[in-house]
2 protein chains.
Amino acid sequence: MAASASSARSAAAAAASASASASERAYAEIRGLILAGDASPGTPLREEALADIVGVSRTPVREALRRLEAEHYASRTPGGRLVVANWDNDDVAEIFALRAMLEGHAAARAARRMTPGQLAELKFCNAAIEAAVAQPQPDIARFLAENRRFHDLILSASGSARLATMLAGLVEQAIVRRTATRYDQADLVRSAHEHGQLIQAFAAHDEDWARAVMTAHIRRALHAFQDASRSK
Amino acid sequence: MAASASSARSAAAAAASASASASERAYAEIRGLILAGDASPGTPLREEALADIVGVSRTPVREALRRLEAEHYASRTPGGRLVVANWDNDDVAEIFALRAMLEGHAAARAARRMTPGQLAELKFCNAAIEAAVAQPQPDIARFLAENRRFHDLILSASGSARLATMLAGLVEQAIVRRTATRYDQADLVRSAHEHGQLIQAFAAHDEDWARAVMTAHIRRALHAFQDASRSK
DNA sequence: GAAGACGCTAATGTATACAAAAATGCGCAC
DNA sequence: GTGCGCATTTTTGTATACATTAGCGTCTTC
């Protein structure tokens, strides 16, 4: 698990370092440090130290930190210093509750606007997910990547930039925590099945159906996560 | 209307300039320019020009602009330049829909956690609102200020920093647009009455009731706004 | 020995100077 | 006369130097 987290981090950093802007790289790399657990909750995020790590000046690091602060990856001490944020169980539950509402809303909007092309993409994407989880040894990395893509496709089909930015932070945060827990294959298969239901709802352009399936999908994920945390 | 908007702007700017940080002042002032309509949609937001206006250097202006961009007050051209964002009718409807969901959720959480002290504050606040709207010539500025405070109290009673930051942008945006329209006294009275219902729901610690009243409150506001826009 | 104040240190906030990229306008060729 | 391409100019992105403020340890005094 430590290995998968750290490889995920270096992969993200490598992808970002390929000719992206300095602030973008700083953002990706610092977030990676937090998500991989290299910087545990409460750790101070000092601008100069981070600038050295990323290899840029303080200016882009500052921009990255402001963004991370807005997305609740970092929080401020009374004196105005930034530290890695600490999410407790209530926070996780809140994140999932907000995701359920907002992604449910996104699904409803998407159902209204879904084009045949977008629907085909979703089907293709979910086929990949099913392939990844059907094996006795599920391909977790593949599942995470394609699952992310599936939800992003719906988000983009919903056609609301506001929703997209609001959800961006929430999805990341929740996925991270999940990455840290062990997956139960049955959960993965169930997830793919729910995606299938979503596709049906989209095909029928049925807003309420889509919203309900998405809400259920995410609330089930919450409980799967909580069960995994408890038994860990 | 133009007068009220511009006085609101200068008041905000003055409040901010009183010993606040440069980035904070820049944020408040630039947002003021956008909200007052001094910078109409599509107007380029050039860093150096804004730095001159605010009287600080480009660095804090940049931070302010990133924040405004994250809150959808500004959007980027393909080339990466910032311009004042243009909200169409769909955007406004989307903002209200998101507000209805998120503030409904906040109200439900608040109902669960409401303390007697917080409840008393809400009652006091709504009394001020009722006083402001009871007169033949309602005190609009007072209403807006107290109404804002009422909703902020609920938000803080909900105890979720995530909700608070998510809603901050949405509330501002919607209020601005409303400021631009003429208020119908009947709407204001209705609004105060709905606040009374909310207080009852909070007193009973009834989550579902609170959520329903809040959702209805905001959706009515949407339609009041749309009617006002049409007949304007 | 404990408590408070003072001064030092380290971190953030701000300004400016420099580099890179993008828009625009001009000129040239077709 | 129009369209394309290059050069100029404007604007944003990044680095660094400076100012300010919060933290923190020590020293003094009661």
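Right above here is the structure, for reference.
The model shown is predicted, which means the values in this text are computed figures rather than measured ones.

Regarding the interface of chain A and chain B
Here is step 1: The interface of chain A with chain B comprises 22 residues on the first partner and 22 residues on the second.
Here is step 2: Carbon and sulfur atoms make up 56% of the area that chain A and chain B hide from each other, which totals about 2000 Å².
Here is step 3: Taken together, the connections running from chain A to chain B amount to eight salt bridges.
Here is step 4: Along the contact surface separating chain A from chain B lie 14 residue pairs in polar contact (both at pLDDT 80 or more).
Here is step 5: At the level of secondary structure, the elements contributing two or more residues to the side of chain A that touches chain B comprise helix 4 (58-70), helix 5 (89-113) and helix 8 (161-179) of chain A.

Concerning the relation of the copies chain A and chain B
Here is step 1: Mapping chain A onto chain B calls for a rotation angle of 180 degrees and an axial translation of 0.0 Å; the resulting RMSD is 0.0 Å. Given the turn and translation reported, the copies of this chain are related as if by a two-fold rotation axis.
Here is step 2: When the interface residues of chain A are mapped onto chain B, 100% of them again lie at the interface, so the same face is used by both copies.

Concerning the protein's contact with DNA strand D
Here is step 1: Close to DNA strand D lie 18 residues, the nearest being Ala22(A), Ser57(A), Thr59(A), Gly79(A) and Arg58(B).
Here is step 2: Each atom of DNA strand D within 4 Å of the protein was assigned to sugar, phosphate or base; sugar and phosphate come to 64%.
Here is step 3: In this structure, a phosphate oxygen belonging to DNA strand D sits 3.3 Å away from a side-chain N or O atom of Arg46(B).
Here is step 4: Residue Glu47(B) places a main-chain N or O atom 3.2 Å away from a phosphate oxygen belonging to DNA strand D.
Here is step 5: A class-by-class count of the residues in the surface near DNA strand D yields four nonpolar, five polar and nine charged.

So, helix 7 (residues 140-158) of chain A
Here is step 1: With 19 residues, helix 7 of chain A should reach 27 Å at 1.5 Å per residue; the first-to-last C-alpha distance of 27 Å fits that figure.
Here is step 2: Listed as buried for helix 7 of chain A are Phe143(A), Leu144(A), Glu146(A), Asn147(A), Phe150(A), His151(A), Leu153(A), Ile154(A), Leu155(A), Ala157(A) and Ser158(A).

Quick notes on the protein's contact with DNA strand C
Here is step 1: Near DNA strand C there are 18 residues, and of these Arg62(A), Ala22(B), Ser23(B), Ser57(B) and Thr59(B) occur at the shortest range.
Here is step 2: Restricting attention to atoms of DNA strand C within 4 Å of the protein, one finds that 69% of them are sugar or phosphate atoms.
Here is step 3: Within the contact set of DNA strand C, a phosphate oxygen lies 2.6 Å away from a backbone nitrogen or oxygen of Ala22(B).
Here is step 4: The backbone of Ser57(B) places a nitrogen or oxygen atom 2.8 Å from a phosphate oxygen of DNA strand C.
Here is step 5: Within the residue set of the surface near DNA strand C, elements represented by two or more residues are helix 4 of chain A together with helix 2 (22-35) and helix 4 (58-70) of chain B.
Here is step 6: Split by residue class, the surface near DNA strand C holds four nonpolar, five polar and nine charged.

About the cut-offs
- Residues numbered from 1 in each chain as written.
- Chains lettered and ligands numbered in written order.
- Predicted model: local features only at pLDDT ≥ 70, side-chain atom pairs only at ≥ 80, totals over all residues.
- Heavy atoms only, no water.
- Contact = heavy atoms within 4.5 Å.
- Buried area = accessible area lost by both parts, 1.4 Å probe.
- Salt bridge = Lys/Arg side-chain N within 4 Å of Asp/Glu carboxyl O.
- Polar contact = N/O pair within 3.5 Å; in protein donor to acceptor, adjacent residues only side chain to side chain.
- Helix = DSSP H or I, 4+ residues; strand = E, 2+ residues; numbered from the N terminus.
- Least-squares fit on C-alpha atoms with pLDDT ≥ 70 in both.
- Near = heavy atom within 4 Å.
- Nonpolar A, V, L, I, M, F, W, Y, C, P; charged D, E, K, R; others polar.
- Expected span 1.5 Å × (residues − 1).
- Buried < 20%, exposed > 50% of the residue type's maximum accessible area, 1.4 Å probe, protein only.

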